[in-house]
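Take a look at the letters that make up each chain.
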Amino acid sequence: MEQQANFGHDQILPNAGRAKDAILFLKIYAGLEVVLLLINVVFIMTFEEGLWASPEGVFTGLGVALVMMIAAIILPIAFIMWMRRAYANLHRAGVQDLQFNEGWAAGAWFVPFMNFVRPYRIMKEIWIRTQTAFQSEEIEVQSHAAIKNWWISFLALGIIGNIQTNLATNGNVEGSYLLGILNCAVAIYNLLLVSKIVLAISEMETEFAERVRLSEAEKTARIAGAYRLLQEGGTV
């Protein structure tokens with residue numbers, strides 16, 4: 001069971017398990033994108049032979065698509081659960097001047113137009129404020145460039161996906177597969193990058209929880225020692 005860290009009047013809620021789940025599904029999905037990329041490459045290389053339209057090609061494509069569809073349902077749930085808890089912990093730690101209510105860490109993903117900007121702003125805030133709130137000493141805050149690159153590549157995936165769908169709809173199958181290779185490459189980069197971001201934030205939270213646990217243990221030991229001295233008639 002994960003430790004809960006006391007900070008002021010609230011508790012830092014355990015988040016390492018959620019981070020582990022999110023990272024696992026991010027890497028699984030990245031692996032599926034690698035498989036899809038290789039399939040697209042094979043289909044392009046054998047396009048004239050028509051492998052993409054053969055029963056084997058269709059069956060392979062449908063099988064991978066089905067697995068990715070299931071993963072695409074689980075992954076956002078795991079990631080948003082982690083993200084909401086990470087933002088909630090900043091609120092519970094008493095971090096001042098946070099831009100949004102903790103519920104927006106989940107809700108912002110589902111509001112049209114807002115979901116183009118607000119998840120990025122919240123993730124950026126989690127990245128910066130977790131460093132300043134949870135690290136043990138004065139540190140130089142790491143640049144949020146990784147957050148920016150993650151979000152740009154995430155938005156790019158939506159654009160590439162729309163173009164790819166239009167190509168396929170208009171009968172340009174070869175162009176669709178070519179763009180699919182780019183889509184997979186960007187997705188792999190995006191997924192591996194955000195998994196590193198989640199890991200880094202999780203490590204800061206875990207380090208903080210351990211420091212608090214040790215501090216509480218030291219405080220308890222001092223109280224117990226003082227009580228023993230009183231019992232023995234000594235002076236505290």
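Please refer to the structure placed before this passage.
Not measured: the values here are computed from a predicted model.

S.K.: So what's going on with the packing of aromatic side chains? Residues and values would help.
M.R.: Counting across every chain of the model gives nine aromatic pairs. Both rings, one in Phe 43 and one in Tyr 177, keep their centres 5.2 Å apart while their planes meet at 70°; by these two values the pair is edge-to-face. One end of the pair, Phe 43, is in helix α1 (residues 16–45); the other, Tyr 177, is in helix α6 (residues 173–231), with 134 residues separating them in the sequence. Accessibility classification places Phe 43 together with Tyr 177 in one group, the buried group. Arranged with centres 4.9 Å apart and planes meeting at 20°, the rings of Trp 151 and Phe 154 form a pair that is stacked. Taken together, the positions of Trp 151 and Phe 154, both in helix α5 (residues 145–169) and three residues apart, correspond to about one turn of that helix. Trp 151 sits in the buried class, given a relative accessible area of 5%. Look at Phe 154 and you get partly exposed, because its relative accessible area is 34%.

S.K.: Requested: an account of the packing of α1 against helix α2 (residues 55–92), with residues and values cited.
M.R.: Put simply, α1 and α2 touch, their axes get as near as 8 Å, and they point 155° apart. Considering their axes alone, α1 and α2 lie roughly antiparallel with respect to each other. Considering only the axes of α1 and α2, their crossing is left-handed. Here the contact of α1 with α2 is built from residues that sort into 21 nonpolar, two polar and four charged.

Thresholds, definitions, all that
Residues numbered from 1 in each chain as written. Predicted model: local features only at pLDDT ≥ 70, side-chain atom pairs only at ≥ 80, totals over all residues. Heavy atoms only, no water. Phe/Tyr/Trp six-rings, centres within 6.5 Å; stacked < 30°, edge-to-face > 60°. Helix = DSSP H or I, 4+ residues; strand = E, 2+ residues; numbered from the N terminus. Buried < 20%, exposed > 50% of the residue type's maximum accessible area, 1.4 Å probe, protein only. Axes fitted to C-alpha atoms, helices over the stretch in contact; angles between N-to-C directions. Parallel < 35°, antiparallel > 145°, perpendicular 65-115°, else oblique. Left-handed = near helix turned anticlockwise from the far one by under 90°. Nonpolar A, V, L, I, M, F, W, Y, C, P; charged D, E, K, R; others polar.

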